[in-house]
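Single-letter residue listing:
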Amino acid sequence: MNTLPADSRHKITLELNGDRRTGYAEPRMLLSDFLRHELGATGTHVGCEHGVCGACTVQLDGLPARSCLTLALQVDGCKINTVEGLSESDGRLNILQQCFRKHHALQCGFCTAGILMSLDSYLATYPNPTEADIHELLSGHLCRCTGYAPIIAAACEAAQLMQAASSEPPITQDQK
Ligand code: FES
Ligand code: FES
């Protein structure tokens, strides 16, 4: 419940998954709470709320960020991507999501959104990771479900498929 007078809240305008969105935040409001409670983007989950578990990871101007360590006021004018924006524009799961489904890497789902946002950002920058690279990346995500094996398998296959897709020649008009 908001206990501060309405005029103590600040207007925040940002780009969320490509859409311009506006909401209001008290000065101490966390980005995770702003996304979930003010903008209704509940795909971002909150675990530890102090920067350890990685569940709340979103992309802030393209880079992974802990939304529980970021104030809503800090993202005014920024681009935020959350798991709701990962799928293709026609609604199909993207390659990384498809690989998560194939390898049963979703697990209980609590950490999944944060892991996907980290991996999506990482693979965009480092398209040819080793399994050790994926291990290191996942060290920033604490998950109680399993030993991470399905997530690693999904990430490695996604990297291969994304590389193959990016090296395919573009479809010409005649092939459509
Ligand atoms: S909820 Fe943000 S790192 Fe755990
Ligand atoms: S996905 Fe279940 S605890 Fe991480």
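Residues numbered from 1 in each chain as written. Chains lettered and ligands numbered in written order. Predicted model: local features only at pLDDT ≥ 70, side-chain atom pairs only at ≥ 80, totals over all residues. Heavy atoms only, no water.

1. Re the overall build of the protein chain
- Per the secondary structure count, the protein chain includes 5 helices and 5 strands.
- Each helix (α) and strand (β) of the protein chain, taken in turn from the N terminus, gives the series β-β-α-β-β-β-α-α-α-α.
- Seen through its C-alpha atoms, the protein chain measures out along the principal axes to roughly 55 × 45 × 25 Å.
- Across the 176 residues in the protein chain, those meeting the buried criterion constitute 38%.
- Put simply, 54% of the contacts in the protein chain that link residues at least 6 apart link residues at least 24 apart.
- Total accessible area computed for the protein chain in this model is approximately 10,100 Å², and 52% of it derives from carbon and sulfur atoms.
- One finds the centroid of the 13 positive side-chain charges in the protein chain at a distance of 5 Å from the centroid of its 19 negative side-chain charges. (Helix = DSSP H or I, 4+ residues; strand = E, 2+ residues; numbered from the N terminus. Buried < 20%, exposed > 50% of the residue type's maximum accessible area, 1.4 Å probe, protein only. Contact = heavy atoms within 4.5 Å. Areas by Shrake-Rupley, 256 points an atom, 1.4 Å probe, with all protein chains shown as cover. Lys, Arg positive; Asp, Glu negative; His and termini not counted. Charge placed at Lys NZ, Arg CZ, Asp CG, Glu CD.)

2. Regarding the nonpolar core
- Grouped together as the largest cluster of nonpolar side chains are 26 residues, with contacts concentrated most on Leu96, Phe100, Ile115, Leu119, Ile134, Leu138 and Ile151.
- Not counting chain neighbours up to four residues away, the residues in contact with Ile134 comprise Leu119, Pro129, Ile152, Ala155 and Cys156.
- Membership of the second largest hydrophobic core comes to 15 residues, among which are Leu14, Leu16, Leu35 and Val58. (Core = buried A, V, L, I, M, F, W, Y, C linked by side-chain atoms within 4.5 Å.)

3. Brief notes about the environment of Ile151
- Within the secondary structure, Ile151 is located in helix α5 (residues 149–167).
- Note on Ile151: relative accessible area 0%, which makes it buried.
- Between the C-alpha atoms of Ile151 and Phe100, which are 51 residues apart in sequence, the distance is 6.8 Å.
- Setting aside its immediate chain neighbours within four residues, Ile151 contacts Phe100, Ala105, Gln107, Ile115, Leu119 and Leu138.

4. Here we look at the domain arrangement of the protein chain
- Each assigned domain of the protein chain is listed with its residue range as follows: domain 1 (6–85) and domain 2 (95–167).
- Placing the centre of domain 1 and that of domain 2 at their C-alpha centroids yields a distance of 22 Å.
- Each partner contributes to the interface: domain 1 provides 18 residues, whereas domain 2 provides 13 residues.
- For the pairing of domain 1 and domain 2, the buried interface totals around 1,100 Å² over both sides, and the portion due to carbon and sulfur atoms is 57%.
- Contact with domain 2 buries surface across domain 1, with His45, Gln59 and Val83 losing the most and accounting together for 37% of the total.
- Summed over the shared surface of domain 1 and domain 2, the number is 0 salt bridges. (Domains from an automatic or database assignment. Buried area = accessible area lost by both parts, 1.4 Å probe. Salt bridge = Lys/Arg side-chain N within 4 Å of Asp/Glu carboxyl O.)

5. Quick notes on helix α2 (residues 95–102)
- Every buried residue of α2 is listed here: Leu96, Gln97, Cys99 and Phe100. One side of α2 carries all its buried residues, which in axial view fall inside an arc of 160°. Opposite the buried face of α2, at more than 90 degrees from it, the exposed residues are Arg101 and Lys102.
- Elements that come into contact with the buried residues of α2 comprise α3 (112–125) and α5.
- Downstream of α2 by one or two residues, His104 has phi in the positive range, about 55°. (Arc of directions from axis to C-beta.)

6. Some thoughts on the sheet that holds strand β4 (residues 63–66)
- Pairing within the open sheet is mixed, and its 5 strands lie in the order β2-β1-β5-β3-β4. Strands at the two margins of the open sheet, each flanked by one partner only, are β2 (19–25) and β4. On average, each strand axis in the sheet is tilted by 40° relative to the strand beside it, whichever way the strands run.
- In this sheet, β4 lies alongside strand β3 (residues 57–60) in antiparallel orientation, the contact comprising 4 bridges. By the bridge assignment, Leu60 is partnered in β4 with Leu63.
- Along the sheet face, helix α1 (residues 31–38) touches β1 (10–16), β2, β3 and β5 (79–81) and points at about 105° away from the line of β2.
- The sheet strands contacting α3 are β3, β4 and β5, and the helix crosses β3 at an angle near 35°. (Pairing = 2+ DSSP bridges. Axes fitted to C-alpha atoms, helices over the stretch in contact; angles between N-to-C directions.)

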